[in-house]
Amino acid sequence: MKRSNIWKVWEVSIIFFMLSIVTTSVFGQSKIKGRIVDEKKLGIPYSSVALWDEAKGHLLVKGAMSNQEGIFEVTLSAGEYSLVVSNIGFVKKTQKITLTAGRDLDLGDLLLLNDNQNLKEVKVVGSKPFIQQKTDRIVMNVAESVLSAGNDAFSILGMAPSVQIVGGNLSMEGKSNVLILVDGKKIPNATLSSILGSIPGDQIDHIELISNPSSKYDASASGGVIEIYTKRSKKLGWSANAGGNLTQGYKFGGGANGGIRISTPKLDFTLNGNYTNRGQIEKGYDNRVLFQGLTPVGNFKQTVDLSKGAIIDGGVNSSLNYYIDKRNTVGVDYALVKAHMYGSGFIDAVINQSGNQDITNTFNNLDLRVNFSNYNVFYKRSLDSLGSNLLVTANYANYTSDQQQLFNQTLFTDGAANGVNSLFRNKASSDYDIYTASIDYTQILSSKLKLETGLKYASTDNTSHQNPANFLNNQWQEEVTSFNDLGYKEQIAAAYVNVNYGIGPVNIQAGLRGEFTQYKVVSGLDSNYFNIFPNARLDYKVTKAYTTSVAYSKTINRPSYDDLIPYELYIDNYTITRGNPFLKPEYQNSFTWSNIYKNYSFRFGYTQTDNAIMSTILYDQNNSIFIKTKDNFLNNILLSASLGASSKIASWWSSNNRLSGFYQKIHFPNLAEGTDDLIRSKYYFTASSSNTFKISESLAAELFGSYSSPSISGIYNYGNFSNVSAGLRKKILHNQAFIKIDVSDIFYNNNVLLSTNVPPLVTESIHRVDTRRFRAAFGYTFGKVKKDNRVKTSGNDQELNRLHL
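Counting restarts for each chain: residues are numbered from 1 in the order of the written sequence. Reporting in this predicted model follows two pLDDT cut-offs: at least 70 for local features of residues, and 80 or more for side-chain atom pairs to be given and counted; totals over whole chains, interfaces and linings ignore these cut-offs and use all residues. By convention in this description, side-chain values take in all heavy atoms of the structure and omit both hydrogens and water.

### Comments concerning the overall build of the protein chain
A run of H or I in DSSP counts as a helix once it spans at least four residues, and a run of E counts as a strand once it spans at least two, with each numbered from the N terminus. Of regular secondary structure, the protein chain possesses five helices and 47 strands. Under the scheme applied here, a residue whose accessible area is under 20% of the maximum for its type counts as buried, over 50% as exposed, and between as partly exposed, the area being computed with a 1.4 Å probe on protein chains only. Relative to its 805 residues, the protein chain shows a buried fraction of 48%. Considering only contacts within the protein chain whose residues lie at least 6 apart along the sequence, 64% involve residues at least 24 apart. Calculation of accessible area relied on Shrake-Rupley with a 1.4 Å probe; when residues are assessed, cover is drawn exclusively from the protein chains displayed. Per element, the accessible surface of the protein chain, about 38200 Å² overall, is 56% carbon and sulfur. Residues are treated as being in contact if the distance between any of their heavy atoms lies within 4.5 Å.

This is the structure in structure tokens:
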């Protein structure tokens, strides 16, 4: 049998295995139904119904909730149970029942008596801590925090514990390739800053930084998962918000955002929009040693001053959910992001080589436009009130980018008084169509056991074009190269099963995910492969205050589309970025040990990455051109240890602090000789502190600081960098609005010095952008809401809390 057919047999076998798990639990069961009424024989809506198996030690086996007429229905296996019915303002009712296999049981009316206590209205004032430490994740409760006001999702992530953003690239716990989801929808890395920058912070409810994701998530989430959840009001009626900000750094900028939400018992509609226009600069230098072979023969010094530029982006997102009944919901989501970045200025270079000196003065003009649209439809069926559900989703996303570059260069050779002028342009475009479909099934089998399983299929189709041209004889003459027409196709079929089992102080989570991948790169690889990705986690609650956890996972990091497609983008006349169509996936094996004691956390991690995808440089010695690209290094070992502490230093001062240490060891081929392997290693650390000061009920201040010591990645050395930001927020108009002023990167040290020291690649460069900015922001929320008769009450919170899943 052919190898590809063997993998297909495996794939089909796993899919049928998953489906068998889903279907076997629904047979051999009977139904219990009844109607919960008050003393006037009126149905009591949304009452909690819990069934306990006394033969198994008072074990909760099923939960439900009555509808608007007080009617409930529960399906479960034959046996003897205790039925417990409750609702706020009524006396809890307990009744013994016996269910016979194959026979349904109708309990008729179940009477709940009014509680004789005089239930007075109680106003509860409280809030979740800004940072919550869990064994597998960190939760940032952004809603109502000072941090949310005036910031966007991208800048908030930059201040999140364990997260670093360097040059627009995001990493978590020292690892890149982080999967980012907004309300369950994946954000493409190519438009990460644009999309997250378009989400106002005051629309975010909370953010989860998941270091040990389960098999439910794509195996490509090798760097972890960041889940961003926007606010979803549980009240009927309508609400709206509007906001804006003005910023000043080297350049002026501003933005506006607004949204509306309308909710009825049957429909839930949201519409949000935003627009930002901020000036941008890029200033710095590039220094290089020039080689012939391994012998230094000269130097290259270049200054960069792109002082005219801006980033303009805007977006619209909308969702419509229709509640067919209490159990069934269908919905559609739409998102559109448009980004436009342009910049122009001078890049001047001095090249000293073999006793000669050449000088180039170049005017660079860059124009980049990006469009991203996403369409999503879903159907969700709630199987019980404890969280069992079936979710079916289908998604289509389109991403396009169009980049145009113009270089007007004057070359002065060896001190010549008159220079030679040349004009060059480069056009590069990409168009991605991404189709995704998935089925996810969650079944809470008992108070101790939860099962998750599902299937997913994704198809990606890319077409890319590059058209370089020189201006000769008063006309543009396009070059014919192998990069003119490029493309990429990929299909991934996946199936997973994840089990969560708790008994006493021990909780075990184990999962298995299978993925079959088939892909083809124009002028590159054409391959298919099948992988199994296991993961497991064991939590042990030693005491009420102390929990320890160990975890293992195997993941994959597929090359990003931009890293694969081999078109060339010119940074300047002597620096090019190019994709590598022969890149292969990297595989990671990770082990973690996590500990939480009260408000303190300690985490130790070990990750070994084989075929590590890392940054490198190809050197065209004849033309002094550096080609930045990605390659598969032999392996990368990362050791990490982090300590987190959340404390309330005073009644008015809350502080969240984190210190992380790393040891990285990179093993890669010798770039010069191609024979002996090289090893690079480095110890480094990061520290961050986020502080909130409550000056009064309506006035609060924030102070954030972070520091990263020198580190390494691929062949690059990263210099130290830091960020100190401060802000002041005032609530006004009965707390429905706020005004805020803040300053980011006060000491202007959030720009990184890059260097390499692997002959013949000896370089040093820094490009500073407009990170130090003063901002004034305003936001206002208004509307008319009332009690939600659609969303469940807290009647069964006690039963849910006992599940510990």
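From this point, the narrative continues.
### Observations regarding the sheet that holds strand β31 (residues 568–572)
Whether two strands pair comes down to DSSP finding at least two bridges between them. The mixed open sheet is built from four strands, whose spatial order is β31-β32-β36-β35. Of all strands in the sheet, those with a lone pairing partner are β31 and β35 (613–620), marking the two edges. Put simply, the sheet's adjacent strands are angled 30° from each other on average, direction ignored. Two elements, strand β32 (residues 575–578) and strand β36 (residues 625–632), share three bridges in a ladder whose sense is parallel. Residue pairing in the sheet places Thr577 in a bridge with Lys628 of β36. In this analysis an axis means a line fitted to C-alpha atoms, helices contributing only their contacting stretch, and an angle means the value between N-to-C directions, from 0 to 180 degrees.

### Side note on the side chain of Asp313
The topology assignment puts Asp313 in strand β20 (residues 295–323). Those residues in contact with Asp313 that sit more than four places away from it in its chain are Asn274, Tyr275, Thr276, Arg278, Lys338 and Ala339.

### Observations regarding the nonpolar core
Met140, Leu196, Ile207, Leu209, Ile226 and Ile228 are the most contacted members of the largest nonpolar core, which has 24 residues in total. Contributions of two or more residues to this core are made by β9 (137–140), α2 (153–158), β10 (163–166), β11 (169–172), β12 (179–182), β14 (204–210) and β15 (225–230). When residues in this core are grouped by element, the largest group, four residues, is from α2. In contact with Ile226, other than residues within four places in its own chain, are Leu157, Val163, Leu170, Met172, Val178, Leu179, Ile180, Leu181, Ile207, Glu208 and Leu209. The criterion is simple. A nonpolar core is a set of buried Ala, Val, Leu, Ile, Met, Phe, Trp, Tyr and Cys residues joined through side-chain atoms within 4.5 Å. Formed by 21 residues, the second largest nonpolar core is a distinct cluster that contains Val337, Tyr432, Tyr519 and Phe533.

### Things to note about the environment of Ser654
One can find Ser654 in strand β38 (residues 653–669). Considering only alpha carbons, one finds Ser654 and Glu702, 48 residues apart in sequence, at a separation of 9.7 Å. Residues contacting Ser654, with those up to four places away along its chain left out, are Ser647, Lys648, Ser690, Asn691 and Thr692. Polar contact criterion, stated in full: a pair of N or O atoms within 3.5 Å, where within protein one must be able to donate a hydrogen and the other to accept it, and residues adjacent in sequence count only if both atoms are side-chain atoms. At 3.3 Å, the side chain of Ser654 and the side chain of Lys648 are in polar contact.

### Points about the confidence of the model for the protein chain
Per-residue confidence from the predictor is reported as pLDDT, a score between 0 and 100. Mean pLDDT over the protein chain works out to 83, with 88% of the residues at or above the 70 mark. Within the model, the stretch residues 117–126 combines pLDDT values under 50 with one contact to residues more than four positions away or in other chains. This stretch, residues 787–805, has a pLDDT under 50; its non-local contacts, to residues over four places away or in other chains, come to 51 contacts.

### Comments concerning the pattern of salt bridges
Think of a salt bridge as a Lys or Arg side-chain nitrogen and an Asp or Glu carboxyl oxygen that are within 4 Å of each other. For the coordinates displayed, the defined rule picks out 25 salt bridges. Residue Lys31 pairs with Glu73 through a salt bridge whose shortest N-O separation is 3.7 Å. With Lys31 in strand β1 (residues 30–37) and Glu73 in strand β4 (residues 71–76), the pair connects residues that are 42 residues apart, well separated along the chain. The exposure class assigned to Glu73 is partly exposed, which follows from its relative accessible area of 38%. A salt bridge links Glu568 to Arg578; the shortest N-O distance between them is 2.5 Å. Here Glu568, found in strand β31, pairs with Arg578, found in strand β32; they are ten residues apart in sequence, far enough to count as distant. Taken together, the shared-partner salt bridges connect Asp136, Arg137, Glu208, Arg537 and Asp539 into one network.

### What about the packing of aromatic side chains?
Centres within 6.5 Å are what make two rings of Phe, Tyr or Trp a pair, Trp counting through its six-membered ring; a difference in plane orientation under 30 degrees is then read as stacked, over 60 as edge-to-face, and the rest as tilted. A complete count under the given rule lists 26 aromatic pairs for this structure. On the numbers, 5.0 Å between centres and 20° between planes, the contact of Phe662 with Tyr684 is stacked. Of this pair, Phe662 sits in strand β38 while Tyr684 sits in strand β39 (residues 677–694), and the two are 22 residues apart along the sequence. Classification of Tyr684 by relative accessible area gives buried; the value is 9%. Definition used: whenever NZ (Lys) or CZ (Arg) falls within 6 Å of the ring centre and also within 35 degrees of the ring normal, the charge is taken to sit over that ring. Against the face of Tyr250 rests Lys283, its NZ or CZ located 5.7 Å from the ring centre. Above the ring of Trp476, the side-chain terminus of Arg425 is found at 4.6 Å from the ring centroid.

### Structural notes on unusual backbone geometry
The amide bond that connects Pro759 to the next residue, Pro760, takes the cis arrangement and shows omega of 10°. Inspection of the secondary structure puts Pro760 in the loop between β45 (754–758) and β46 (761–769). In this structure, Asn474 takes a positive phi of about 65° despite not being glycine. Here Asn474 shows up in the loop between β25 (449–472) and β26 (475–478). Its identity as a non-glycine residue notwithstanding, Leu733 has a phi of 55°, on the positive side. Mapped onto the secondary structure, Leu733 falls in the loop between β43 (721–732) and β44 (737–744).

### Comments concerning the pairing of β10
Alternating residues of β10 divide into Val163 and Ile165 and Gln164 and Val166, and every residue in both groups is buried. Relative to β11, β10 is paired through four bridges, and the arrangement is antiparallel. Considered in β11, the bridge of Val163 is made with Met172.

### Digging into the sheet that holds β1
Strand order across the open sheet formed by three strands is β4-β1-β7, with mixed pairing between neighbours. Strands at the two margins of the open sheet, each flanked by one partner only, are β4 and β7 (105–111). Averaged over all neighbouring strand pairs, the angle between strand axes comes to 20°, with direction disregarded. For β1 and β4, the ladder comprises six bridges, and the chain directions are antiparallel.

### With respect to the environment of Asp631
Mapped onto the elements of the fold, Asp631 is located in strand β36. Here the alpha-carbon distance between Asp631 and Thr616, two residues 15 residues apart in the chain, equals 6.7 Å. The residues contacting Asp631, other than those within four sequence positions of it, are Asn580, Leu583, Ala612, Ile613, Met614 and Thr616.

### Considerations on the pairing of β35
Bridge count for β35 against β36 is eight bridges, and the pairing is antiparallel. Within the sheet, the bridge partner assigned to Met614 lies in β36 and is Asp631. Two successive antiparallel strands, β35 and β36, enclose a turn made up of four residues, where Ser624 displays a positive phi of approximately 55°.

### A look at the environment of Ser373
Looking at the element boundaries, Ser373 is found in strand β22 (residues 356–382). Note on Ser373: relative accessible area 11%, which makes it buried. Ignoring anything within four residues of it in the chain, the contact list for Ser373 reads Tyr334, Ala335, Leu336, Tyr396, Ala397 and Asn398.

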